[in-house]
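Summary of structural features
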Amino acid sequence: MTDVTGVPVDVLHTLFHSDQGGHEQVVLCQDRASGLKAVIAIHSTALGPALGGTRFYPYASEQEAVADALNLSRGMSYKNAMAGLDHGGGKAVIIGDSAQIQGARRTELLLAYGRCVASLGGRYVTACDVGTYVADMDVVARECRWTTGRSPENGGAGDSSVLTAFGVFQGMRASAQHLWGDPTLRGRKVGVAGVGKVGHHLVEHLLSDGAEVVITDVRDESVRRVTGLHPEVAVAADTDALIRTEGLDIYAPCALGGALNDDSVPVLTAKVVCGAANNQLAHPGVEKDLADRSILYAPDYVVNAGGVIQVADELHGFDFDRCKVKASKIFDTTLAIFARAKADGIPPAAAADRIAEQRMAEARRSAS
């Protein structure tokens, strides 16, 4: 069933009534000339302008695209709050196959998208995400000054995946400190699912720290890039094989969301889950399933915040060393979440939510 605009009714129900609701604004963008179809979701501006990336993905339906934008933008509110940034949460999705839309067609589509973001007058600041790249943000910036993740040549900071991986590594170190009493990963077996933009940088940190690494990726070329540089890295046939690997200490989901679900959690051999993927918990309750199996979960939106720390800094004149110092604090933040979880008798994901919600609530009270 659809409403008078043709939008599925259950999407509107999600927006106004479900746990994913509470969004301040959702904008549907269309440009017939370029073929642009996009959704911009602003979850909260309590802490400042909404900040979050643009995902370019071939969704099966418009409904799926809206649902993803709602979920991702809500996650950005929590991520930015936990990262200590003066930004709320937003996210945008462009419906289409990023790999297939290239050349002049891609440029025109991104310019149209830039005009859509600009129309919000700074309430939403965009950046890269799955399917979009630094060169894309350079194009978007031609129409919209509220664009980050641009190339250094165009006043930006460049690829944010470097600091994203660094932050995840800090989260892993904190997990090791909490569980084993030592922040080093030396001698630990770490499985990385997805060695694309972020995952291959994470592998470098792990190897430098003396970890034993096992990887998998749906793209053979991504696997070959890593094993070509590091033949000592083992390869699992797929994610299902990776999570069942004997002796695995840490599992790092670094691809798309939903990696922790009713099928994967019961067979996980790892004692820690800490990865770069967004929205790793497939549904509410998965965090309890992990806790019941004594698997320590480092909340994804906390440990993967290095990238958003970088793009936020870009708005004020990017300094890599300053950003790296901020991203290194993910270690302390992760430890604080584990301590709060223990004190409150709740899973770490719930503890992180409580801390983030407290900061947003305090900001709202101060503004009223």
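This report concerns the structure included in the present document.

Parameters and conventions
Residues numbered from 1 in each chain as written. Predicted model: local features only at pLDDT ≥ 70, side-chain atom pairs only at ≥ 80, totals over all residues. Heavy atoms only, no water. Helix = DSSP H or I, 4+ residues; strand = E, 2+ residues; numbered from the N terminus. Rg over C-alpha atoms; globule rule 2.2 N^0.38 Å. Buried < 20%, exposed > 50% of the residue type's maximum accessible area, 1.4 Å probe, protein only. Contact = heavy atoms within 4.5 Å. Areas by Shrake-Rupley, 256 points an atom, 1.4 Å probe, with all protein chains shown as cover. Lys, Arg positive; Asp, Glu negative; His and termini not counted. Charge placed at Lys NZ, Arg CZ, Asp CG, Glu CD. Pairing = 2+ DSSP bridges. Phe/Tyr/Trp six-rings, centres within 6.5 Å; stacked < 30°, edge-to-face > 60°. Lys NZ or Arg CZ within 6 Å of the ring centre and 35° of its normal. Core = buried A, V, L, I, M, F, W, Y, C linked by side-chain atoms within 4.5 Å.

Here we come to the overall build of the chain. Within the chain, the secondary structure is distributed over 14 helices and twelve strands. For the chain, the C-alpha radius of gyration of 20 Å lies close to 21 Å, the compact-globule estimate for 368 residues. If one aligns the C-alpha atoms of the chain with their principal axes, the spans along those axes are about 55 × 50 × 45 Å. The 368 residues of the chain split such that 53% are buried. The contacts in the chain between residues at least 6 apart in sequence include a share of 64% that link residues at least 24 apart. As presented, the chain carries roughly 15,800 Å² of accessible surface, and 50% of it is formed by carbon and sulfur atoms. The centroid of the 35 positive side-chain charges in the chain is displaced by 4 Å from the centroid of its 44 negative side-chain charges.

Buried residues dominate strand 2 (residues 36–44), accounting for eight of its nine residues. Where strand 1 (residues 25–31) lies against strand 2, seven bridges are found, and the strand directions are antiparallel. Its bridge partner lying in strand 2, C29 is registered against A38. Bridge analysis of strand 2 against strand 5 (residues 88–95) gives six bridges, and the strand direction is antiparallel.

A few words now on the packing of aromatic side chains. Enumeration according to the criterion identifies three aromatic pairs in this entry. Between Y57 and Y59 the ring centres are 5.1 Å apart and the planes differ by 70°, which places this aromatic pair in the edge-to-face class. With centroids separated by 6.4 Å and ring planes inclined at 75°, the aromatic side chains of F318 and F320 adopt a geometry described as edge-to-face. On the accessibility criterion, F320 (34% relative accessible area) is partly exposed. Residue placement shows R188 over the ring face of W180; its charged tip is 3.8 Å from the ring centre.

You can see Y113 is positioned in helix 3 (residues 103–118). Between the C-alpha atoms of Y113 and V139, which are 26 residues apart in sequence, the distance is 9.7 Å.

Another point: the environment of V223. Its place among the elements puts V223 in helix 7 (residues 220–229). On a C-alpha basis, the gap between V223 and N71 in space is 29 Å, while along the polypeptide they are 152 residues apart. Contacts of V223, omitting those with residues within four sequence positions, involve V195, I215, T216, D217 and V235.

One recurring pattern in soluble globular proteins: nonpolar side chains tend to sit buried together. Of all hydrophobic cores here, the largest spans 71 residues; its most connected members are I40, Y113, M172, V192, L202 and L206. If sequence neighbours within four positions are ignored, Y113 has contacts with L36, A38, I40, T54, A92, I94, Y124, T126 and V140. Counting 18 residues, the second largest nonpolar core, distinct from the first, contains L242, L260, I295 and A349.

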